[in-house]
Amino acid sequence: MICNKIIRKIKKLLGIKPQMLFMDTSSQVEVSPSAFIKNSRIELKGMSRLKIGDGVVIDGTYIVLEDSELTILSNVQISNVNLFAKSNSSINLSDSVQIDRYDWMLWQSVVTIDKNCVFNQGRNALRPYFNISEGQLHISDHNVIRADFWIRFGGVVNVGQYNCINERTELRCDEQIRIGDFNMISYDCNIWDTNTHCIYSPSVRREKTISDFPVIGSETERPKTKPVIIGNDCWVGKGSVILKGSVLENEAIVATRAIVSNQTIHENRKAVTNKSLEL
């Protein structure tokens, strides 16, 4: 149902144009008079709660939430956001977060981003994205990120403080990726804790491909996984690949285009070269 009283109150506070719509069943709505929302539609369903703090700027935003809580604290700037969240999702952005030209594809998701984080497109030709079909993304304060996040099967990604993760780097998580503090992660890197696909027999894969067509390569069960752990003060070179089971201890270095798979790179700045892969 639409709570018309809440709609009228918010429209009066923000001067919302007719195309801006708030929907809820039993929500708790807090919107600062200094918040600015432009040409957007926001729908709240279920037991939703929306909180938008002082000085928040949301531009060109389409947000749909269901059974979820969205909290945006003060001085947050978001542009061109298309946020979709389904049952039990919860999005929490702390103070002074900037998210510019990111695509959001969220279903049963939990996202928390702490203060003073900057997410932007950088020199990406395509917008980076948060693609979280089922899982959690937790990012601490003071990070600069231009990377893609793809989380499935209940995977959990935790990123510490003062990291830089650059353009076209992709984090794919089906179990756990944990990144510490003060790391430099370069361009075009892959950080995967998963094989991404189950290795079925040809007959099973063919049967699945035929039944799912035109979708090819979809997965309904979690592939083989093993957590990826990156410590503090590490350097990850351009085009490098860090695969499941890998551990980078503090101050480790991964050389440009190196591949690390199911091994530990020890402390004290030890560089690595390509290693054989383990499925």
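Our subject is the structure that appears above.
Parameters at a glance
Residues numbered from 1 in each chain as written. Predicted model: local features only at pLDDT ≥ 70, side-chain atom pairs only at ≥ 80, totals over all residues. Heavy atoms only, no water. Salt bridge = Lys/Arg side-chain N within 4 Å of Asp/Glu carboxyl O. Buried < 20%, exposed > 50% of the residue type's maximum accessible area, 1.4 Å probe, protein only. Helix = DSSP H or I, 4+ residues; strand = E, 2+ residues; numbered from the N terminus. Polar contact = N/O pair within 3.5 Å; in protein donor to acceptor, adjacent residues only side chain to side chain. Phe/Tyr/Trp six-rings, centres within 6.5 Å; stacked < 30°, edge-to-face > 60°. Lys NZ or Arg CZ within 6 Å of the ring centre and 35° of its normal.

Colleague: Before we go on, may I ask you to explain the pattern of salt bridges in this structure?
Modeller: Here the structure, examined in full by the defined rule, presents 10 salt bridges. Put simply, Lys-45 and Glu-43 hold a salt bridge, and the shortest N to O gap is 3.9 Å. With a relative accessible area of 9%, Glu-43 lands in the buried category. Of the charged contacts, one joins Arg-168 and Asp-188 as a salt bridge, the two residues approaching to 2.7 Å between their closest N and O atoms. Taken together, the positions of Arg-168 in the loop between strand 18 (164-165) and strand 19 (170-173) and Asp-188 in the loop between strand 21 (184-185) and strand 22 (190-192) put the pair 20 residues apart, joining distant regions of the chain. The network of salt bridges with common partners includes Glu-30, Arg-49 and Glu-69.

Colleague: Where do I start with the side chain of Lys-244 in this structure?
Modeller: For Lys-244, the position within the fold is in the loop between strand 25 (241-242) and strand 26 (247-248). For Lys-244, the side chain forms a polar contact with the side chain of Asn-195, separated by 2.9 Å.

Colleague: Teacher, can you tell me more about the packing of aromatic side chains here?
Modeller: Here the distance between the centres and the angle between the planes together describe a pair of aromatic rings. Taken as a whole and assessed by the stated rule, the structure comprises 7 aromatic pairs. Aromatic pair Trp-104 and Phe-130: ring centres 4.7 Å apart, planes at 50°, arrangement tilted. With Trp-104 in strand 12 (residues 103-113) and Phe-130 in strand 14 (residues 129-139), the pair connects residues that are 26 residues apart, well separated along the chain. There is no split in this pair, since Trp-104 and Phe-130 are both buried. Feature note: the residues Tyr-102, Trp-104, Phe-119, Phe-130 and Phe-149 constitute an aromatic cluster, connected by ring pairs. The residue whose ring lies beneath Arg-172 is Trp-192, and the NZ or CZ to ring-centre distance is 5.4 Å.

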